[in-house]
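The primary structure of each chain is shown beneath.
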Amino acid sequence: MEHQEEFTPEQSKILEMYVSNLDSNIFVLRNLPEVIKGALFSRYSRSVLGLRSLLLKDFILNEEMAFDSIVGEPVTNAGDEQFVAIKKAQNFYDRILDGYGDDSIGELGGTHLAIENVSMIAAKVIEDCRIGGSPLEKSTRYIYFDQKVNGKFLFYREPVIMTSAYRDLYLETCDMLFETYGRLIPPLTEKIEKTFPKEPDVSQFAYNAALRAKVLDCLRGLLPASTMTNMGVYGNGRFFESLIAKLQCSPLAELQESGRKSYQELSKVIPSFVRRADPTHKNQLSYFEYQERLNHEISTQVSHLKELEPMNEAGVRLIDYDADAPEKVAAALLFSGSNAGLHELQEHAQGMERIEREKLFRSITSIRENRRHKSPRALEHASFTFEICADYGIYRDLQRHRMLTQEKQLLTCDYNYYLPEEIVGTEFEADYHKAMQEAKVAFDTMAKALPEEAQYAVPMAYNIHWYFKVNLRALQWICELRSSPAGHPMYRLVAQEMAKQVSQVFPEFESFFGFVDYDGYQLGRLGQEIRLVEKMQARRP
Ligand SMILES: Cc1cc2nc3c(=O)[nH]c(=O)nc-3n(C[C@H](O)[C@H](O)[C@H](O)COP(=O)(O)OP(=O)(O)OC[C@H]3O[C@@H](n4cnc5c(N)ncnc54)[C@H](O)[C@@H]3O)c2cc1C
């Protein structure tokens, strides 16, 4: 689905200097200072507008910004000297790339790729590329998603379904979910406002923002995975090359199309860095074949599996860890400061009493003043595998963590769904259940024939199954960040649970989770919104 923004001919003339495409839902920013590109991308998380509209509104047409003096004269036509120079540089670079012969050279240049009006499913696949890319997405926790454009809710019309017998069922189901979501926002807002009224000393701005986040935390689960969102990715050439390769090999039409468009647009701005992602390039062709064979091999192996129990109850379970983890972490902590062998240090640590190791760990955790004081790399000697069954909304939040190994299974309606406590026993509960059950019937009907495409109809409240294999250092970061009050109550629970389960198995590791917040909060975002208002007031002249 292309973009819906309207630009005047004058606006289009200006915009085309700064974006690689005025019509496509995928485009690259160019000829803009890094600070403007970064600021624009950060706006994605808190705006319903597309980036071209934001560029016009917040910068180009915003007199306060004095945009022209920031950007100066951009490069436009081919005849322009600088343009020729860039061409020359590309040819020179191509020779180096060929000569250098190592892919890592592709990390030396990067750009900002805007990806708009893609489904939640596509956004997750794009954000699943861990190294070299930094994504930012429109937030379901702060932005209302019930706008209609040309009388239609914004969800992806999946082409295979749209040309199948399930077309009407799919459209009716997604419309019903959006309609229920939109209809429940005002009354639930009123109800929560009555339950948690504003304190006199709290600004209306901060209170409204915290209230909206709480309401959307409750209702975002009604949105189907086909819901369209906007996101931006700042990445280096090597990152984009592997991203495009992955997208073009996906079984889903939307991702194949996003891969093609990304290649087209990136080729306009960083051609040398993505030239091997050209669908006709020999590397890409062999990668296609390899992926096809790989998927075939795995599905053949899976088809021979005897029936095994799924993890079908919502929760977190620690299923694997190294029993000697504390000894290995203790030994590694002592390594860099000594000249002893690591093996000898591990033997030494094996001989230490647990209380001695605990004292060692506390000596380095007690000096941390905040969660950004990360504990040393030695913690990477301990790793844990968690299986998690929680709603797709929570998966979407926690999946953003890159310093770990994770995989998920297909979206389904088989493992029940998240029912927010704020809705239990209210006049909204029946509507919520009805929407979930109707969506399940639709999904089950479509999934037999179209298991991949049927995922688009799954409401985000349905639980999905995934695993995290993570080392103690990354886990410290995740649990302390994601248990903070501003977090969604359900991912706070997952973060608290992971820290608790590790501390139960290894009490001597407990102090590494010193900044995990185990408290509960009614208007979790209020504290952060109040601080935001204070910062804004402090910045005012
Ligand atoms: C309260 C809250 C609100 C949020 N709102 C939004 C939102 O509206 N929209 C949205 O898209 N996301 C949102 N996020 C997600 C957030 O932007 C991060 O993607 C997410 O928290 C993962 O954090 P991380 O990058 O530190 O994690 P990890 O990926 O776990 O990274 C761990 C550490 O590795 C380092 N690191 C990893 N990769 C890189 C890299 N490429 N460059 C530099 N350093 C790197 C960093 O030091 C990082 O701290 C929100 C998160 C929170 C907690």
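Provided above is the structure to which this section pertains.
Computed from a prediction, not measured in an experiment: that's the story for all the values here.

Draft legend 1. Seen up close, a nonpolar patch on the surface. A cluster of nonpolar residues, Ile 298, Val 302, Leu 305 and Leu 308, forms a patch on the protein surface that exposes about 380 Å² of accessible area. Turning to its location among the elements, Val 302 is positioned in helix H13 (residues 282–303).

Draft legend 2. A look at the environment of Val 494. Structurally, Val 494 can be placed in helix H20 (residues 489–505). Under the relative-accessibility criterion, Val 494 is labelled buried at 7%. Sequence spacing of Val 494 and Ser 483 is eleven residues, and the spatial spacing of their C-alpha atoms is 8.4 Å. Apart from the residues lying within four places of it in its own chain, the contact partners of Val 494 are Val 316, Ile 388, Ile 394 and Leu 398.

Draft legend 3. Highlighting helix H18 (residues 429–447). Under the 1.5 Å per step criterion, the end-to-end length of H18 is 27 Å for 19 residues, consistent within 8% with the ideal 27 Å. Within H18, burial applies to Glu 429, Tyr 432, Ala 435, Met 436, Ala 439, Ala 442, Phe 443, Met 446 and Ala 447. Buried positions in H18, seen along its axis, are confined to an arc of 165° and lie on one side of it. The exposed set on the far side of H18, more than 90 degrees from its buried face, consists of Ala 430 and Val 441.

Draft legend 4. Quick peek at the side chain of Thr 365. Looking at where Thr 365 falls in the secondary structure, it is placed in helix H16 (residues 354–365). Of the residues examined, Thr 365 reaches a relative accessible area of 10% and is grouped as buried. Here the side chain of Thr 365 touches Ser 511 through a polar contact of 3.1 Å, side chain to side chain. If near-sequence neighbours (up to four positions away) are discounted, Thr 365 is found in contact with Ser 375, Ser 511 and Phe 512.

About the thresholds
- Residues numbered from 1 in each chain as written.
- Predicted model: local features only at pLDDT ≥ 70, side-chain atom pairs only at ≥ 80, totals over all residues.
- Heavy atoms only, no water.
- Patch = residues over 30% accessible without salt bridge, like charges linked within 9 Å, V, L, I, M, F, W, Y side chains within 5 Å.
- Areas by Shrake-Rupley, 256 points an atom, 1.4 Å probe, with all protein chains shown as cover.
- Salt bridge = Lys/Arg side-chain N within 4 Å of Asp/Glu carboxyl O.
- Helix = DSSP H or I, 4+ residues; strand = E, 2+ residues; numbered from the N terminus.
- Buried < 20%, exposed > 50% of the residue type's maximum accessible area, 1.4 Å probe, protein only.
- Contact = heavy atoms within 4.5 Å.
- Expected span 1.5 Å × (residues − 1).
- Arc of directions from axis to C-beta.
- Polar contact = N/O pair within 3.5 Å; in protein donor to acceptor, adjacent residues only side chain to side chain.

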